[in-house]
Amino acid sequence: FAPLVMRMRAFFEPVLEPFVIHYYVNAGFLPKDHWTHDPVEGGGRIIGEMCHFIDTVQYLTGAMPLRLSAECIATDNEAATAEDNLSVTLRMSDGSVANIIYTANGDPSFPKERIIASNAGATAVMNNFTILEMYRNGKRSVAKSPGDKGHANEVRAFIDAIKQKRTEVIPFTSMVATTRATFRIRDALHEKRVIELI
């Protein structure tokens with residue numbers, strides 16, 4: 001629902017081939033005693049946050065995640081939470097591939113979210129919901145936003161769905177696929193294997 005993410009998707013239409021997507025998240029450090037890490041209250045950052053990035057990949061590709069693999073850092077630093085610093089690779093049902101890099105060990109002055117997507121000779125880079133750079137045929141165009149992550153658009157879409165008596169704003173199958181993929185990331189980490197989702 002974020003305007004620049006919607007613009008990013010529109011830039012690639014018509015979609016002529018699978019995407020390569022790199023989604024970098026500079027989430028910032030949280031101490032191990034933070035409520036987010038509590039298994040009951042917060043569920044950890046994978047469960048609490050990774051769903052948003054998988055959702056966005058599904059939106060951009062128009063496809064479902066088929067399988068995933070994941071690796072996190074190996075560290076002797078007792079203050080660090082290894083699973084807060086990880087890489088997840090998704091194979092999508094349309095043949096797209098997406099790499100989600102989630103870091104808690106980056107510098108806070110670096111943008112929190114950056115998406116780089118390539119498809120059929122075109123590339124788009126979205127920085128922190130404030131600027132979208134689009135490249136095609138050797139030319140660059142730019143769109144800007146005040147950092148709108150789409151919350152108001154999402155609420156409007158929900159209200160419109162109620163008024164129009166539609167059953168869903170986001171397809172239920174997409175929500176199930178995101179949830180399944182999110183919960184299987186920890187399995188991929190601990191079992192050290194590629195996880196088939198469908």
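It should be noted that the structure appears before, not after, this text.
Residues numbered from 1 in each chain as written. Predicted model: local features only at pLDDT ≥ 70, side-chain atom pairs only at ≥ 80, totals over all residues. Heavy atoms only, no water.

### Describing the nonpolar core
Right, so step 1: In this structure, M8, M50, L90, I100 and I185 are the most contacted members of the largest nonpolar core, which totals 42 residues.
Right, so step 2: Among the elements that line this core, the one with the most residues is helix 2 (residues 44-61), at six residues.
Right, so step 3: Leave out the neighbours within four places in its chain, and L90 touches I54, V57, P65, R67, L68, S96, V97, A98 and I100. (Core = buried A, V, L, I, M, F, W, Y, C linked by side-chain atoms within 4.5 Å. Buried < 20%, exposed > 50% of the residue type's maximum accessible area, 1.4 Å probe, protein only. Helix = DSSP H or I, 4+ residues; strand = E, 2+ residues; numbered from the N terminus. Contact = heavy atoms within 4.5 Å.)

### Considering helix 1 (residues 3-11)
Right, so step 1: Restricting attention to buried positions, one finds in helix 1 the residues L4, V5, M8 and F11. Mapping the buried residues of helix 1 onto a view down its axis gives an arc of 115 degrees, with all of them on the same face.
Right, so step 2: Next to the buried residues of helix 1 lie helix 2, strand 5 (113-119), strand 6 (122-127), strand 7 (131-136) and strand 8 (139-144). (Arc of directions from axis to C-beta.)

### Some thoughts on the pattern of salt bridges
Oppositely charged side chains can pair when the atoms bearing their charge come close.
Right, so step 1: In this structure the tally under the stated criterion is eight salt bridges.
Right, so step 2: For R186, the salt bridge identified is with E83, shortest N-O distance 3.1 Å. Taken together, the residues span a long stretch of sequence, with R186 in helix 4 (residues 172-191) and E83 in the loop between strand 2 (65-72) and strand 3 (86-92) at a distance of 103 residues.
Right, so step 3: By relative accessible area, which is 35% here, R186 ends up partly exposed.
Right, so step 4: R140 is paired through a salt bridge with E133; the nearest N and O atoms lie 3.0 Å apart. (Salt bridge = Lys/Arg side-chain N within 4 Å of Asp/Glu carboxyl O.)

### Notes on the environment of A152
Right, so step 1: Relative to the assigned elements, A152 resides in helix 3 (residues 151-163).
Right, so step 2: Judged by relative accessible area, A152 falls into the partly exposed class, the value being 42%.
Right, so step 3: Once the C-alpha coordinates of A152 and F1 are considered, the two residues, 151 residues apart in sequence, prove to be 8.3 Å apart.

### Description of the packing of aromatic side chains
Right, so step 1: The tally for this structure, following the rule as stated, stands at five aromatic pairs.
Right, so step 2: A network of ring pairs unites the aromatic residues F11, F12 and F19 as a single cluster.
Right, so step 3: Lying over the aromatic face of F11, R136 brings its terminal NZ or CZ to 4.1 Å of the ring centre. (Phe/Tyr/Trp six-rings, centres within 6.5 Å; stacked < 30°, edge-to-face > 60°. Lys NZ or Arg CZ within 6 Å of the ring centre and 35° of its normal.)

### Structural notes on the packing of helix 2 against helix 4
Right, so step 1: For the pair helix 2 and helix 4, the least separation of the axes is 9 Å and the interaxial angle reads 125 degrees. Classified by the interaxial angle, the pair formed by helix 2 and helix 4 is oblique. Seen along the crossing, helix 2 lies across helix 4 with a hand that is right-handed. Facing I46, I47, M50, C51, I54, D55 and Q58 of helix 2, the residues of helix 4 in contact are S174, A177, T178, A181, T182, F183, I185, R186 and L189.
Right, so step 2: Partitioning the contact of helix 2 with helix 4 into residue classes produces ten nonpolar, four polar and two charged. (Axes fitted to C-alpha atoms, helices over the stretch in contact; angles between N-to-C directions. Parallel < 35°, antiparallel > 145°, perpendicular 65-115°, else oblique. Left-handed = near helix turned anticlockwise from the far one by under 90°. Nonpolar A, V, L, I, M, F, W, Y, C, P; charged D, E, K, R; others polar.)

### Examining the side chain of S145
Right, so step 1: Position of S145 among the secondary structure elements: in the loop between strand 8 and helix 3.
Right, so step 2: A polar atom in the side chain of S145 sits 3.5 Å from the backbone nitrogen of D148.
Right, so step 3: Beyond its immediate sequence surroundings of up to four residues, S145 is in contact with L4, F129 and T130. (Polar contact = N/O pair within 3.5 Å; in protein donor to acceptor, adjacent residues only side chain to side chain.)

By themselves these figures say nothing about function.
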